[in-house]
Amino acid sequence: MSATALLHARPAWSRVSVGSLAVAAADRDALGTTARLAVWPAANLTAMLAAVDDELAALDAQASRFRADSEISALHAAGAGRHQVSDGLAEAIRIALAAAAWTGGRCDPTVGSALVRIGYDRDFAAIAENDAPIQPGAGAAPGWQAIALRGNVLTAPPGVLLDLGATAKGLGADRAAAAAFASAGEGGVLVSLGGDIAVAGRPPAGGWPVLIADEHRQVRAARNLAAPAVPRGAADPAIAQQVRLASGGLATSSSTCRRWVRAGRVLHHIIDPRTGMPAGSPWRTVTVAAATCAEANAASTAAIVAGEDAPGWLGDHGLPARLISHDGQIIRTGGWPEAEDGPVCSPGGSWLAALIEGGDR
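Predicted model only: the values in this text are computed from it and were never measured. (Residues numbered from 1 in each chain as written. Predicted model: local features only at pLDDT ≥ 70, side-chain atom pairs only at ≥ 80, totals over all residues. Heavy atoms only, no water.)

1. Brief notes about unusual backbone geometry
Cis geometry marks the peptide bond from Trp 40 to Pro 41; its omega dihedral reads -5°. Along the polypeptide, Pro 41 turns up in the loop between strand 3 (33-40) and helix 2 (45-63). Backbone geometry at Asp 341 places phi at a positive 70°, although glycine is not the residue there. Position of Asp 341 relative to the elements: it lies in the loop between strand 18 (330-333) and strand 19 (342-344). Given a relative accessible area of 32%, Asp 341 falls into the partly exposed group. (Helix = DSSP H or I, 4+ residues; strand = E, 2+ residues; numbered from the N terminus. Buried < 20%, exposed > 50% of the residue type's maximum accessible area, 1.4 Å probe, protein only.)

Set out below in structure tokens:
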């Protein structure tokens, strides 16, 4: 086996007990986070695991800027100009550009250089504290309008590094859930990538139980199916909430995780494209439900960047959301439930799909 194949060999799935004979679940490391698959009936698990593996491997090979052999890394190495891209990468870029337009540029895929400058230039697990100063050259991101995609032809100016992190993980969950359900054709499936969730098929009675917390490993109860279990009480009880998701997608963005230090400054991974630096936001965590996980992922990221304007923007778009300030204040929009174990109703229509149907740009 080649060194590249060894580096990107698929980790094994581990079965997870969920206290139900009807539902089966498993998790593994994937895309720099933890993937979880929950399915019913339980007999569908093996076939669905294989389908999810294929989708995650494809997305990683297409869109990971941490892989020297990925398609997007080859684009960056090639530099400015016109480039033919695969269907899969074209879809990921098209969604990222639509998300940028939809969010008024708050969620912008041209922040790759800014992330590299502040030290997020490798898989997050490999980032060491204070191993290098912040590189000079702060400033606004080039801007999504600098990128053009016509069919499968991408045109980019000099100096643009794409980072699809604000939408690609959600897209991966959407793709994996759809593929997993198609592999069985019955029952239901939930796919979580680091707590960004897509569901397909029929949910269990009442909807899939999902715990909302600052960080996806903070799980209070083993019955939660959307994130890896840790000891009871690990999540902040004032912040965590379990809800029920029956359709669509759900995503959480937080400025309290994926943090590191450079020159004594605490940094995080959510970039404000206007400054090229981590967003200074009143929100520690924003969770959004939408028609797809990619759309929820874009909206939750944009809400962190939007700051005080976030509740109004989310409300104007009819998105159920839960925003938590740094002092613990909770604000809800779009009918997000106040009660524990309450249902979250994802909007039926997709804002991103409507923009994409309007044509490439």
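After presenting the structure, the write-up continues.
2. Looking at the sheet that holds strand 1 (residues 14-16)
Taken in spatial order, the nine strands line up as 1-2-3-7-8-11-16-17-18 in an open sheet, and their pairing is antiparallel. Looking at which strands have only one partner, the edges of the open sheet turn out to be strand 1 and strand 18. Each adjacent strand pair in this sheet contributes to an overall mean axis angle of 15°, direction not counted. Contacts from helix 6 (residues 165-184) reach strand 3, strand 7 (188-193) and strand 8 (196-201) within the one sheet, and its direction differs from that of strand 8 by about 25°. (Pairing = 2+ DSSP bridges. Axes fitted to C-alpha atoms, helices over the stretch in contact; angles between N-to-C directions. Contact = heavy atoms within 4.5 Å.)

3. Thoughts on the sheet that holds strand 9 (residues 208-212)
On the basis of which strands lie adjacent, the open sheet formed by three strands has the order 9-10-19 and mixed pairing. Each edge of the open sheet carries a strand with a single partner, namely strand 9 and strand 19. With strand direction ignored, the average angle separating the axes of adjacent strands in the sheet is 45°. Across three bridges, strand 10 (residues 241-245) lies against strand 19 in parallel orientation. From the neighbouring strand, Val 243 faces strand 19, where its bridge partner is Gly 342.

4. Quick notes on the pattern of salt bridges
A side chain of one charge can pair with a side chain of the opposite charge when the charged atoms of the two come close. Under the defined criterion, the tally for this structure stands at nine salt bridges. Ionic pairing is found between Asp 53 and Arg 28, a salt bridge with its closest N-O pair at 2.8 Å. On the criterion of sequence distance, the pair formed by Asp 53 in helix 2 and Arg 28 in strand 2 (residues 24-30) is long-range, its members being 25 residues apart. For the pair formed by Asp 53 and Arg 28, the shared burial category is buried. Ionic pairing is found between Asp 60 and Arg 67, a salt bridge with its closest N-O pair at 3.0 Å. With respect to burial, Asp 60 and Arg 67 carry one shared label: buried. One connected set of salt bridges, linked through shared partners, spans Asp 60, Arg 67 and Asp 69. (Salt bridge = Lys/Arg side-chain N within 4 Å of Asp/Glu carboxyl O.)

5. Some points on the nonpolar core
Counting residues in each nonpolar core, the largest one holds 51 residues, and the members touching the most others are Ile 93, Leu 154, Leu 164, Val 286, Leu 314 and Leu 319. In terms of residues, this core owes the most to one element, helix 4 (residues 87-102), which gives eleven residues. Leave out the neighbours within four places in its chain, and Ile 93 touches Leu 149, Leu 154, Leu 162 and Leu 164. Ala 24, Leu 45, Val 191 and Ala 198 belong to the second-largest nonpolar core, a separate cluster that totals 22 residues. (Core = buried A, V, L, I, M, F, W, Y, C linked by side-chain atoms within 4.5 Å.)

6. Points about the packing of helix 6 against helix 7 (residues 293-306)
With their axes 7 Å apart at the nearest point, helix 6 and helix 7 run at an angle of 155° to one another. Considered as vectors, helix 6 and helix 7 are oriented roughly antiparallel to each other. The handedness of the crossing between helix 6 and helix 7 comes out as right-handed. Only Cys 293, Ala 294, Asn 297, Ala 298 and Thr 301 of helix 7 make contact with helix 6, whose side of the interface consists of Gly 165, Ala 166, Thr 167, Lys 169, Gly 170, Leu 171, Ala 173 and Asp 174. A per-class count over the contact of helix 6 with helix 7 returns six nonpolar, five polar and two charged. (Parallel < 35°, antiparallel > 145°, perpendicular 65-115°, else oblique. Left-handed = near helix turned anticlockwise from the far one by under 90°. Nonpolar A, V, L, I, M, F, W, Y, C, P; charged D, E, K, R; others polar.)

7. Points about helix 2
Given a rise of 1.5 Å per residue, 19 residues ought to cover 27 Å, and the 27 Å separating the end C-alpha atoms of helix 2 matches this to within 8%. Turning to helix 2, its buried residues are Leu 45, Met 48, Leu 49, Ala 51, Val 52, Asp 53, Leu 56, Leu 59, Asp 60, Gln 62 and Ala 63. (Expected span 1.5 Å × (residues − 1).)

8. A short note on the environment of Ala 182
Turning to its location among the elements, Ala 182 is positioned in helix 6. The class of Ala 182 is exposed, set by a relative accessible area of 60%.

9. Re the side chain of Arg 67
Structurally, Arg 67 is set in the loop between helix 2 and helix 3 (71-78). According to the relative accessible area criterion, Arg 67 is buried, its value standing at 12%. A distance of 3.0 Å separates the side chain of Arg 67 from the side chain of Asp 60, its partner in a polar contact. Of the polar contacts made by the side chain of Arg 67, one reaches the side chain of Asp 69; its length is 2.9 Å. (Polar contact = N/O pair within 3.5 Å; in protein donor to acceptor, adjacent residues only side chain to side chain.)

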